[in-house]
Structures are given as structure tokens and as C-alpha cells.
Amino acid sequence: MLRQLAWRGAARLRAPFPRQPLPAAALYSLERLGYAVVPGWLRAADTAALLADALALEAAGVPRAAGVGGVAESESSDWAVELKTELRRAASVWIHEPPLSLHGAPAARLALLSTAEALRAELLDAGCTARPLDTEATSLAYLYYPAGGFYRRHRDTPPAPSPTGEHREVSLLLYLDPVWRPDWGGALRIFAKPAPVDVQPEAGTLVLMHSPLLEHEVLETSRARHCVVGWLCSVT
Ligand SMILES: O=C(O)CCC(=O)C(=O)O
Ligand SMILES: [Fe+2]
């Protein structure tokens, strides 16, 4: 409950980052193929502010390593785990609950929370999911992949219903690194039909996926790689 009130409060505290409405082609792709890729969704200045914030949190020692040695975290999307296998080599910082860490740029994090809320409303209006996306059930995190980092093939929904009644409906990814070269690896591979699709993690690119539907993986990266991951949920 506290978390929910905090979320609602946070999403009101700061205006969302300016952006264009999702293109009709993206909404069509999300509906028909289960995923959408929107390059240039956020302005370079705004992804730069988020990256600076993520790096400041990292410098302050806030991120937690996760998934190393096959240890599945209760809060992560690591359910697809083969427990003996290393599923993910990356660290994360959950950013949904105030009080926000005072390290970094809390204002950028608040704008991100508002932007996610605006995106939720946009997807709801467009009728993108069978069940309504709940305003209080969104979660967001920064992900940090070191050189050599990866995330093995998985789906973002758990095999068993969540005890809180939240169902991940739409997964979102927002990439933050201003320069990305394909030979660095680190692509997001979406196992779409009829063939897998690779997305380069370039700053400003938004990826949306129907969480229960699509398996995906992050190919091993030879450079540090930074993004926002989030889940828009329904609640029963
Ligand atoms: O880093 C990415 O591109 C994907 C992350 C992911 O799949 C997840 O956190 O569930
Ligand atoms: Fe995922």
C-alpha cells in the first residue's frame, strides 16, 4: 500500500519527458507481433540525464549484482531459470519507490516515473492489452551490464500467479548509451515469429513487448551497457 501511494505521488511530482505519441506502426506491431521498437522515443538530452543518474548511483555503490551463479531473485524476471545456469550477469537498481536515493539526479528519476505513467495511459487508451494496466502497479529499474554481461533467453512472466495479484502485461526497455556499435554485441534478441529480431541498444530506443508472449535474451556485451527496464501490470 505504501509503495502504491508512493508511486502515485512520485508520478505526479515531475512532468514527463517530452516525446511524440507512439507511432501507429508501433501500436500495430505490438498488437500483431507482440513487440514494438521505437527509435528516438526520448531526446538525447533526456537519455543523457538518465545515464548520468544511473552512473552516479553506480559510483555511490547502489546497484546490486543479480543472477550471478544462478541465484534467482524474488523481484527479478529470473523465473525462467535453470537454477544451475548463470541466467544474467548484470546489476540493478529498483527505482519505483520513494524515498529516492539522493545520489545522482532524483529529478531525472521522477521524470522517468512520470514518463512511464504517461506511457501506461497511452497504451491503455490504445487498447493494447486484454486487461487494464494498473496505475499503481508499474515497476522500473536501471540495469547495468558490465563488459562480459548478458541475460540468457527468458520470458518476463512467472510460471505461478503472483501473490500480490499483479500480472506483467507489457515489458518496456529504454536504452541509455549514446553510442553503440553492433560489433560490441549486447543486442536484445527477441524471439518473434517468423524469425528472431535483434535490436541495437542505442540511446532513446524504446522496446515494448507483451510480457507473457515473447522470449528474449541479451547477447554478451563487450562494453558496459545501460538501460531502463520496466513492467506495466494489470491487477486482479
Ligand atoms: O537489457 C535488456 O535489453 C533486456 C533486459 C530484460 O530482458 C529483463 O530485465 O527482463
Ligand atoms: Fe526480460
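Rules used in this analysis
Residues numbered from 1 in each chain as written. Chains lettered and ligands numbered in written order. Predicted model: local features only at pLDDT ≥ 70, side-chain atom pairs only at ≥ 80, totals over all residues. Heavy atoms only, no water. UniProt positions renumbered as here; feature names shortened; annotations may be inferred. Donors = N, O, S within 2.8 Å, 3.2 Å for Na, K, Ca; no water. Helix = DSSP H or I, 4+ residues; strand = E, 2+ residues; numbered from the N terminus. Buried < 20%, exposed > 50% of the residue type's maximum accessible area, 1.4 Å probe, protein only. Core = buried A, V, L, I, M, F, W, Y, C linked by side-chain atoms within 4.5 Å. Contact = heavy atoms within 4.5 Å. Polar contact = N/O pair within 3.5 Å; in protein donor to acceptor, adjacent residues only side chain to side chain. Salt bridge = Lys/Arg side-chain N within 4 Å of Asp/Glu carboxyl O. Arc of directions from axis to C-beta. Pairing = 2+ DSSP bridges.

An unreviewed UniProt entry annotates the chain as Fe2OG dioxygenase domain-containing protein originating from Emiliania huxleyi. According to UniProt, the comment filed for the chain under the heading Cofactor (unreviewed entry) is "L-ascorbate".

*Asks:* Can you walk me through the coordination of the iron ion (ligand 2) in this structure?
*Replies:* Note on metal sites: the ideal angle is 109.5 degrees for four tetrahedral donors, and 90 or 180 degrees for six octahedral donors. Protein-derived coordination of the iron ion (ligand 2) comes from His154 (NE2), Asp156 (OD) and His216 (NE2), at a distance range of 2.0 to 2.2 Å. Each donor residue of the iron ion (ligand 2) lies on one chain, and together they are spaced H-x1-D-x59-H. With Asp156 in the loop between β5 (150-154) and β6 (166-175) and His216 in strand β10 (residues 216-218), the pair connects residues that are 60 residues apart, well separated along the chain. In terms of burial, Asp156 and His216 fall into one category: buried.

*Asks:* Teacher, can you tell me more about the nonpolar core here?
*Replies:* Across soluble globular proteins, nonpolar side chains have a tendency to be buried as a group. With 37 residues, the main nonpolar core has Leu50, Leu123, Tyr142 and Leu208 as its most contacted residues. Sequence-distant contacts of Leu123, defined by excluding residues within four places in its chain, comprise Leu22, Leu27, Leu30, Cys128, Leu133, Val170, Leu208 and Leu232. Within the second largest apolar cluster, 23 residues are counted, among which are Leu143, Tyr151, Cys227 and Cys233.

*Asks:* Where do I start with the environment of Thr164 in this structure?
*Replies:* Considering the arrangement of structural elements, one finds Thr164 in the loop between β5 and β6. Classification of Thr164 by relative accessible area gives exposed; the value is 54%. Placed 27 residues apart in sequence, Thr164 and Ala137 show a C-alpha to C-alpha distance of 9.9 Å. At a separation of 2.9 Å, a polar atom in the side chain of Thr164 contacts the side chain of Ser162.

*Asks:* Before we go on, may I ask you to explain the environment of Tyr145 in this structure?
*Replies:* Within the secondary structure, Tyr145 is located in strand β4 (residues 139-145). On the accessibility criterion, Tyr145 (3% relative accessible area) is buried.

*Asks:* Would you take a moment to explain the pattern of salt bridges for this structure?
*Replies:* Opposite charge on two side chains permits pairing when their charged atoms draw close. One pass over the structure, following the stated rule, counts nine salt bridges. Here Arg131 ties to Glu169 by a salt bridge, and the two come within 3.1 Å at their closest N and O atoms. Separated by 38 residues along the polypeptide, Arg131 in the loop between α4 (106-125) and β4 and Glu169 in strand β6 bring together distant segments of the chain. Residue Asp183 pairs with Arg181 through a salt bridge whose shortest N-O separation is 2.7 Å. Judged by relative accessible area, Asp183 falls into the exposed class, the value being 56%. Looking at Arg181, the relative accessible area reads 42%, which means it is partly exposed.

*Asks:* How should I be thinking about helix α2 (residues 24-33) in this particular structure?
*Replies:* One turn of the α-helix equals 3.6 residues, which is why residues spaced by three or four share an orientation. Taken together, the buried positions of α2 are Ala26, Ser29 and Leu30. Taken around the axis of α2, the buried residues stretch over an arc of 100 degrees, which confines them to a single face. For α2, the exposed residues lying more than 90 degrees away from the buried face are Ala24, Ala25, Tyr28, Glu31 and Arg32. Those residues of α2 that are buried are in contact with β1 (35-38), α4 and β9 (206-210). Taken from the residues just after α2, Gly34 is the one with a positive phi, measuring 90 degrees.

*Asks:* What is the right way to read the side chain of Ser211 from this model?
*Replies:* Considering the arrangement of structural elements, one finds Ser211 in the loop between β9 and β10. Among the polar contacts made by the side chain of Ser211, one reaches the main-chain amide nitrogen of Val170 at a distance of 3.3 Å. Once residues lying within four places of it in the same chain are set aside, the contact partners of Ser211 are Arg155, Asp156, Thr157, Arg168, Glu169, Val170, Ser171 and Trp231.

*Asks:* Sorry if this is basic, but what is going on with the pairing of β4 here?
*Replies:* A regular strand places its side chains so that they alternate between the two faces of the sheet. Among the seven residues that make up β4, seven are buried, leaving the element largely enclosed by the rest of the structure. Along β4, one buried face is formed by Ser139, Ala141, Leu143 and Tyr145 and the opposite face, lined by Leu140, Tyr142 and Tyr144, is buried too. Here strand β3 (residues 88-94) pairs with β4 via four bridges, running antiparallel. Within β4, the position partnered with Ser92 by the bridge is Leu143. Sheet topology places β4 next to strand β11 (residues 225-235); seven bridges connect them, and they run antiparallel. Paired with Leu140 across the strands is Gly230, a residue of β11.

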